[in-house]
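Commentary on secondary and tertiary structure
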Amino acid sequence: MANPRVGFISLGCPKALVDSEQIITRLRTEGYEVSPTYQDADLVVVNTCGFIDAAVEESLDSIGEALAENGKVIVTGCLGASKEDEIRKRHPQVLSITGAHATDEVVTAVHEHLPPAHNPFTHLVPPQGIKLTPDHYAYLKISEGCNHRCSFCIIPSMRGDLVSRPIDEVLQEAENLAKAGVKELLIVSQDTSAYGLDLKYQPRNWKGQAYEARLYDLAKALGELDIWTRMHYVYPYPHVDNIIPLMAEEKVLPYLDIPFQHADSRLLKLMKRPAAAENNLQRIKAWKEICPEMTLRSTFIVGFPGETEQEFNELLQFLTEAQMDRVGCFAYSPVDGATANELPDAVPEEIKQHRLEEFMAHQAKISAAKLEQRIGKKEIVLVDEVVEEGAVARSKADAPEIDGQVFIDGATHLKVGQFVEVQIEEADDHDLWGHIVT
Ligand code: SF4
């Protein structure tokens, strides 16, 4: 009998991608095939995103497309938690709906509508599980949920409070990935700095050594794997200072992705941001003294309710002083169910858009100047893609999908996943060009 085949659509952020990988890994373990087309699939799972209005629409459209093309659809993910009624109203034929991080429930729903073939010996899954990323990098989710209640965000209502994975489990997965050829681990969660808080930092033994479930121990142990480890979604709490020396020694990449969201303390309090009271500029300065090579990435929101011209200018000033390397920015838009919707003094749409443009132009100048300083330097890069014109790589300063790239013209002999040393020869606002050092 042919094995049952499941189609999979994965939308949203890296945390949702990791949920998809866990579901697919379970299904493959049980003998299900993964089908790349609707036509060949016996059933389709759609992992949705519900973060902003555009993502909600994309998710609802994808469910509609899967229903039209295949007919048997199971829905999971953030939208399932926040808008179950709307999904049922628009698409009453869906077979089941669950929220994010619901591997067990999704697999149960698949069993119900597409029973597994009984053949446990011929469908062995590699120890690193099934990955949706290219073979040379992988996201590693260390916790689920969040204890904060930022006023613009509804993630805690969709994903619940913080639940950290035991540290030995995380380290085992990291080692499996490294053994399978992964060259770069991207640590993700909702709040990486909070890792282990819910476990009361419970220690576990791994390879004969005790490690506490806390950020420092995790970074230190990952540093022994001898591959790139990149930290995302770190909040600037004082204990983050402890991992900076590990970055200076390059045990983990000298790269921090810190979603600051704003610089003004009044707005940060209105946003109910974690670590809102910290002096971030002072902290960044101290970090750079220990690790001058550090790359800082952040995201910001402009046009939050009540943001004055002066507060916006303060944000621009913060960018200048912090000298961030990589920055993303959103014009504030209300999310259904977020408490920020009740705040007075909404900023008019055209002012928000104007501030967004001004912000991006301001940062582009900072970024261009910082990239120019790298011309002439020799850097190790990781090859992501080889195309007709040459190789497309990333430096230690660049995370996949969100940061810049390093183009190596003519280097078509390189292999994806290869580390190579290049000399930087050209830069624009976001990307670099270089040649191989022989
Ligand atoms: S830290 Fe704030 S923005 Fe991030 S998931 Fe938690 S509540 Fe949402």
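This one's a predicted model, so the numbers in the text were calculated from it and none came from an experiment. (Residues numbered from 1 in each chain as written. Predicted model: local features only at pLDDT ≥ 70, side-chain atom pairs only at ≥ 80, totals over all residues. Heavy atoms only, no water.)

So, about the sheet that holds strand 4 (residues 73-77). Note: strands within a sheet are paired through backbone hydrogen bonds, in either parallel or antiparallel orientation. Here we have 5 strands laid out as an open sheet, ordered 2-1-3-4-5, and parallel in their pairing. Looking at which strands have only one partner, the edges of the open sheet turn out to be strand 2 (33-35) and strand 5 (96-97). On top of the sheet, helix 1 (residues 14-29) reaches strand 1 (5-10), strand 2, strand 3 (43-48) and strand 4; it is set at about 175° to strand 1, its chief contact. Packing against the sheet, helix 5 (residues 103-113) makes contact with strand 1, strand 3, strand 4 and strand 5, and its axis sits at approximately 175° to strand 4. (Pairing = 2+ DSSP bridges. Helix = DSSP H or I, 4+ residues; strand = E, 2+ residues; numbered from the N terminus. Contact = heavy atoms within 4.5 Å. Axes fitted to C-alpha atoms, helices over the stretch in contact; angles between N-to-C directions.)

Next up on the list: the environment of glutamate 58. On the secondary structure map, glutamate 58 appears in helix 2 (residues 53-69). Among the residues examined, glutamate 58 registers a relative accessible area of 45% and is labelled partly exposed. For the pair glutamate 58 and leucine 11, spaced 47 residues apart in sequence, the C-alpha separation works out to 8.5 Å. (Buried < 20%, exposed > 50% of the residue type's maximum accessible area, 1.4 Å probe, protein only.)

The next subject is the side chain of histidine 148. Locating histidine 148 in the fold gives a position in the loop between strand 7 (143-144) and helix 6 (155-159). Of note is the side chain of histidine 148, whose polar atom sits 2.7 Å from the side chain of aspartate 191. Setting aside anything within four residues of it in sequence, one finds histidine 148 in contact with Pro156, Asp191, Tyr237 and Pro274. (Polar contact = N/O pair within 3.5 Å; in protein donor to acceptor, adjacent residues only side chain to side chain.)

Spatially, 16-17-18-20-19 is the arrangement adopted by the 5 strands of the closed barrel, whose pairing is mixed. Averaged over all pairs of adjacent strands, the angle between strand axes in this sheet comes to 50°, irrespective of strand direction. Pairing geometry for strand 18 (residues 406-409) and strand 20 (residues 432-436), over 2 bridges, is parallel. Of the residues in strand 20, the one forming a bridge with valine 406 is leucine 432.

What follows deals with helix 12 (residues 309-322). Here helix 12 spans 20 Å end to end across 14 residues, near enough to the 20 Å set by a 1.5 Å rise per residue. Looking at helix 12, one finds that the buried residues are Glu311, Phe312, Leu315, Leu316, Phe318, Leu319 and Ala322. The arc that holds the buried residues of helix 12, viewed along the axis, is 150°, so those residues lie on one side. Contacts made by the buried residues of helix 12 are with helix 10 (265-270), helix 11 (280-290), strand 14 (295-302), strand 15 (326-331) and helix 13 (349-372). Just downstream of helix 12, glutamine 323 is the residue with a positive phi angle, here 50°. (Expected span 1.5 Å × (residues − 1). Arc of directions from axis to C-beta.)

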